[in-house]
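Listed here are the chains, written in short residue letters.
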Amino acid sequence: MIAARKSELFSRFFARDAERRITGAFEAVRVRGLEHVRTALRAAPTLVVTNHTAWWDPLVAIFVSVRVLRADAYAMMDAKNLELLPFFGKVGAFGVDLADPADGARAIRYAAKLLARENRLVWLFAQGREVPVTVRPLGFRPGSGEIARVARGSIVVPGALRYEMGSTPKPTLWISFGEPLDRVRDPVAARALHEGAVTGELDRIERAIAHAEDDGFESLHSQRKEVLFAIAQRALAWITRPKLLR
């Protein structure tokens, strides 16, 4: 297991950079359920269990944790990837060898120790690898249930991430958090509960996209329309329109 080497100064710098990248790459950031995470954090250290679907996921976690929630955040990461990208350790990532059960047990104990301080947020991408959002079942690994069992004073909040192309040149980032979950002693049953809750949040995003409904989603970011681009587009449309329709 690779322990986190967190630097608050570097975390703040990296979070600003993550925000800059996200606001530059996405047309909009739509989020629902932030109040669930805020409420949980006020009550106890919080474990956010979410799907893992894209390269962007860790940057989204850093952006939301530091720039939006102002929380002391950590995240579990594949040790191989952390060795390749050691700067993630400076922002709170700790590494686990997913092929080694003993290392997994050490990482679970480490996560539980992190979840012993107030305003502490630990992210767990419970699939352990990037999986398309359309895949069902999600296939959660055992970690979330075990961490919840060991970190008895923590609260578990389900989350969901999706990146969707639509009617704009850039994609939209969708984030949905559900209500805190009931504590389940059996780690297998807890994992099933976590996976079901995250699936429900992904389904909520799907409905919002399919039916163009807000469903409680608010905008964290929205691209300002480029004025010159809009003028040029209207001019080109007028020029190329058949004469009879002008």
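Preceding this paragraph is the structure being described.
Residues numbered from 1 in each chain as written. Predicted model: local features only at pLDDT ≥ 70, side-chain atom pairs only at ≥ 80, totals over all residues. Heavy atoms only, no water.

Novice: Just to check I follow, could you spell out the packing of aromatic side chains for this structure?
Specialist: A ring pair, where both rings are aromatic, is described by two values, the distance of the centres and the angle of the planes. Following the criterion strictly, the structure yields 12 aromatic pairs and no others. Three or more aromatic residues joined by ring pairs form one cluster here, namely F10, F13, F14, F87 and F88. (Phe/Tyr/Trp six-rings, centres within 6.5 Å; stacked < 30°, edge-to-face > 60°.)

Novice: Hey, could you run me through the layout of surface pockets in this one?
Specialist: Any empty space left between the atoms is revealed when a probe the size of a water molecule rolls over them. The volume enclosed by the largest pocket comes to roughly 980 Å³. What lines the largest pocket is a set of 49 residues, among which H52, M76, M77, D78 and F125 lie closest to the centre. Elements that contribute at least two residues to the lining of the largest pocket include exactly α1 (8–25), α3 (57–68), β3 (72–78), β4 (93–96), α5 (101–114), β5 (120–125) and α6 (143–150). Within the lining of the largest pocket, the residues separate by chemical class into 30 nonpolar, 9 polar and 10 charged. (1 Å grid on protein atoms, 1.4 Å probe; cavity = no way out; pocket = protein on both sides within 12 Å on 5 of 7 lines; lining within 4 Å. Points joined across faces, edges and corners; volume = space filled by probe spheres on them. Helix = DSSP H or I, 4+ residues; strand = E, 2+ residues; numbered from the N terminus. Nonpolar A, V, L, I, M, F, W, Y, C, P; charged D, E, K, R; others polar.)

Novice: Can you help me understand the nonpolar core in this one?
Specialist: Core analysis: the biggest nonpolar cluster contains 39 residues, and V64, L121, W123, I175 and F177 have the highest contact counts within it. Those elements giving two or more residues to this core turn out to be α1, β1 (28–32), α2 (34–43), α3, β3, β5, β6 (155–164) and β7 (172–177). Take this core: its biggest share by element is 8 residues, from α3. Discounting residues that sit within four places of it in the chain, L121 has contacts with V37, L41, T46, V48, S65, L69, A71, D72, A73 and Y74. M76, L115, F140 and V198 belong to the second-largest nonpolar core, a separate cluster that totals 33 residues. (Core = buried A, V, L, I, M, F, W, Y, C linked by side-chain atoms within 4.5 Å. Buried < 20%, exposed > 50% of the residue type's maximum accessible area, 1.4 Å probe, protein only. Contact = heavy atoms within 4.5 Å.)

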